[in-house]
Amino acid sequence: MRRRRQVPSWRGSPADLPACAVVDTGRVITAHGQGRILKSMANGSKSGKAGKPSKEAKAAAKAARRQASKERRTQLWQAFQMQRKEDKLLLPLMLGTLIGLAVVFFLVGLIWGLQWFLLPIGLLLGVLGAFIIFGRRVQKTVYGKAEGQAGAAAWALDNMQGSWRVTSAVAGTTQLDAVHRVIGRPGVILVAEGSPQRVKSLLAQEKKKTARLVGDTPIYDIVIGNDEGQVPLSQLQKHLNKLPKNIDTKRMDAIESRLAALSSRGGGAALPKGPMPGGAKMRGVQRTIRRR
């Protein structure tokens, strides 16, 4: 009987592949000269019965989730260390919240003899409260540093969650004043940052051009600042979320396509993608804006 040649193959997880393996575009090719090609576990092309992912694909996905979780923990720890150095009240507030809630639940549990049952609940809620305090303190610090800098409003709008369509710097000046356009369920929102005297005319011009294309869709205008009638940078996202919902997503898509043509004709202003430090050199940026 003719003997069938055995071709070696790797059955372990991707992390256990030998050093001689070469990974290329979703395929693993062994360097033993056998020409055996194993399909990638990451893209799920190797499947079991009824299209179910194989064990290797599940192991690869689990390893990817574990790596992403590790990176998030590292980022959180770095943010905590940076915030702790600048904010001396952060650690006392977090510890006070954790211990305080644990003690409260323990004392309440003493009344019914359930102190050891309620204590873990108090600890969990204390950890949650500490994380909420940490997040708010970090957000306050970040917005405090960004306030008053060119590009801060654009940065805040780009970090909004939800179905907001943001177009930065649809109009601007050489002094880095800018008007940003946001399309959402409320309608069209024009957000201006810079000198209130200069952005007033920018807002009026952009509102007039926008009204020609959006019909009866509501148009809101906002000026970033701390004076009367203005919206502080730290309250911008909350302010937008409180606006009434006037249109649906289909209308948003139609308005976005119309205004995209307007932006392409206008060219937009060459403004920074994020907050610029107050001492940064502005000559190059201003020269670019004048050329545009």
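Residues numbered from 1 in each chain as written. Predicted model: local features only at pLDDT ≥ 70, side-chain atom pairs only at ≥ 80, totals over all residues. Heavy atoms only, no water.

**Structural notes on the pairing of strand β6 (residues 187–193)**
Going by this rule: Working definition: with a 1.4 Å probe on protein chains only, accessible area under 20% of the residue-type maximum means buried, over 50% means exposed, and in between means partly exposed. Strands are runs of DSSP state E lasting at least 2 residues, helices are runs of H or I lasting at least 4, and numbering of each runs from the N terminus. When DSSP finds at least two bridges between two strands, those strands are taken to pair. The definition of a right-handed crossover adopted here requires that, viewed with the strands pointing away, the path from the first strand over the helix to the second runs clockwise.
Buried residues dominate β6, accounting for 7 of its 7 residues. The hairpin turn running from strand β5 (residues 178–184) into β6, its antiparallel successor, is 2 residues long. The pairing of β6 with strand β7 (residues 219–223) spans 5 bridges and is parallel. Bridging from a neighbouring strand, Val-191 pairs with Ile-222 of β7. A crossover links β6 with its parallel partner β7, the connecting element being helix α5 (residues 196–214), and its sense is right-handed.

**A few points about the packing of helix α1 (residues 55–86) against helix α3 (residues 115–146)**
Put simply, the rule reads: Axes here mean lines fitted to C-alpha atoms, for a helix over just the part in contact, with angles spanning 0 to 180 degrees between N-to-C directions. Each angle is binned into one of four classes, with values under 35 degrees roughly parallel, values over 145 roughly antiparallel, values of 65 to 115 roughly perpendicular, and all other values oblique. Less than a right angle of anticlockwise turn of the near helix away from the far helix marks a crossing as left-handed, whereas a clockwise turn marks it as right-handed. Any two residues having at least one pair of non-hydrogen atoms within 4.5 Å are treated as being in contact. The classification used treats Ala, Val, Leu, Ile, Met, Phe, Trp, Tyr, Cys and Pro as nonpolar, Asp, Glu, Lys and Arg as charged, and all other residues, Gly among them, as polar.
Two numbers describe how α1 lies on α3: the axes approach to 11 Å, and their chain directions differ by 65°. In terms of orientation, α1 and α3 fall into the roughly perpendicular class. Judged by the twist between their axes, the crossing of α1 over α3 is left-handed. Contacts between α1 and α3 pair Leu-76, Ala-79, Phe-80, Gln-83 and Glu-86 from the former with Phe-134, Arg-137, Val-138, Thr-141 and Lys-145 from the latter. Tallied by class, residues from the contact of α1 with α3 come to 5 nonpolar, 2 polar and 3 charged.

**Some words on the packing of aromatic side chains**
Going by this rule: Only Phe, Tyr and Trp rings are paired, with Trp represented by its six-membered ring, and only when their centres lie within 6.5 Å; those with planes under 30 degrees apart are stacked, over 60 edge-to-face, the remainder tilted.
In the structure shown here, the tally under the stated rule is 4 aromatic pairs. Ring centres 5.3 Å apart and planes at 70° place the aromatic pair Phe-106 and Trp-116 in the edge-to-face group. Placement of Phe-106 in helix α2 (residues 90–112) and of Trp-116 in helix α3 is noted, with a sequence separation of 10 residues between them. One aromatic cluster is present, formed by Trp-77, Phe-80 and Phe-134 through successive ring pairs.

**Here's the deal with the environment of Pro-218**
Inspection of the secondary structure puts Pro-218 in the loop between α5 and β7. Taking relative accessible area as the criterion, Pro-218 reaches 26% and is therefore assigned partly exposed.

**Observations concerning the sheet that holds β5**
An order of β4-β5-β6-β7 is seen for the 4 strands of this open sheet, with the pairing classed as mixed. The open sheet terminates on both sides in strands that have one partner only, identified here as β4 (165–172) and β7. Taking the axes of each pair of neighbouring strands and ignoring which way they run, one obtains an average angle of 20° across the sheet. In this fold α5 packs onto β4, β5, β6 and β7, with an angle of close to 165° to the strand it touches most, β7.

**A few points about a nonpolar patch on the surface**
For the record, the criterion: Two distance rules govern patches: like charges are joined within 9 Å, and nonpolar side chains (Val, Leu, Ile, Met, Phe, Trp, Tyr) within 5 Å, applied only to residues with over 30% relative accessible area and no salt bridge. Surface accessibility in these figures is a Shrake-Rupley result with a 1.4 Å probe; residues are shielded only by whichever protein chains are displayed. Criterion for a salt bridge: a side-chain nitrogen of Lys or Arg within 4 Å of a carboxyl oxygen of Asp or Glu.
Nonpolar side chains collect at one region of the surface, where Val-104, Val-108, Ile-111, Trp-112, Leu-114, Phe-117, Ile-121, Leu-125, Leu-128 and Ile-132 lie side by side and expose about 970 Å² of accessible area between them. Listed by contribution, the elements that provide at least two residues to the nonpolar patch are α2 and α3. Tallying contributions element by element places α3 first for the nonpolar patch, with 5 residues. Relative to the elements of secondary structure, Ile-132 occurs in helix α3.

**A look at the pairing of β5**
Among the 7 residues in β5, 7 count as buried, and that is most of the element. Here β5 shows a buried face lined by Ala-178, His-180, Val-182 and Gly-184 and a second buried face lined by Val-179, Arg-181 and Ile-183. Here β4 pairs with β5 via 5 bridges, running antiparallel. Looking at β5, one finds that Val-166 is bridged to Val-182.

**Concerning α1**
Put simply, the rule is: Between the first and last residue of a helix there are one fewer steps than residues, each counted as 1.5 Å, and that sum is the expected span.
Spanning 32 residues, α1 covers 47 Å between terminal C-alpha atoms, matching the ideal 46 Å at 1.5 Å per step. Among the residues of α1, those classed as buried are Glu-56, Ala-57, Ala-60, Phe-80, Gln-81 and Gln-83. Lining the buried residues of α1 we find α2 and α3.

**Description of the environment of Asn-226**
Looking at the secondary structure, you find Asn-226 in the loop between β7 and α6 (236–241). By relative accessible area, Asn-226 is classed as exposed at 56%.

**Quick word on the pattern of salt bridges**
Inspection of every chain in the model, using the stated rule, returns 9 salt bridges. Between Glu-206 and Lys-209 there is a salt bridge whose closest N-O contact spans 3.5 Å. Of this pair, Glu-206 and Lys-209 are both found in helix α5, 3 residues apart, which corresponds to roughly one turn of the helix. Put simply, Arg-165, Asp-253 and Glu-256 are held in one network by salt bridges that share partners.

**Some words on the confidence of the model for the protein**
Filter applied, for reference: Predictor confidence is given residue by residue as pLDDT, running from a minimum of 0 to a maximum of 100.
With 72% of its residues at a pLDDT of at least 70, the protein reaches an overall mean of 76. Predicted confidence for residues 1–49 stays below pLDDT 50, and this span has 51 contacts to residues more than four positions away or in other chains. Of the regions scoring below 50 in pLDDT, residues 279–292 engages in 19 contacts with residues more than four places distant in sequence or in other chains.

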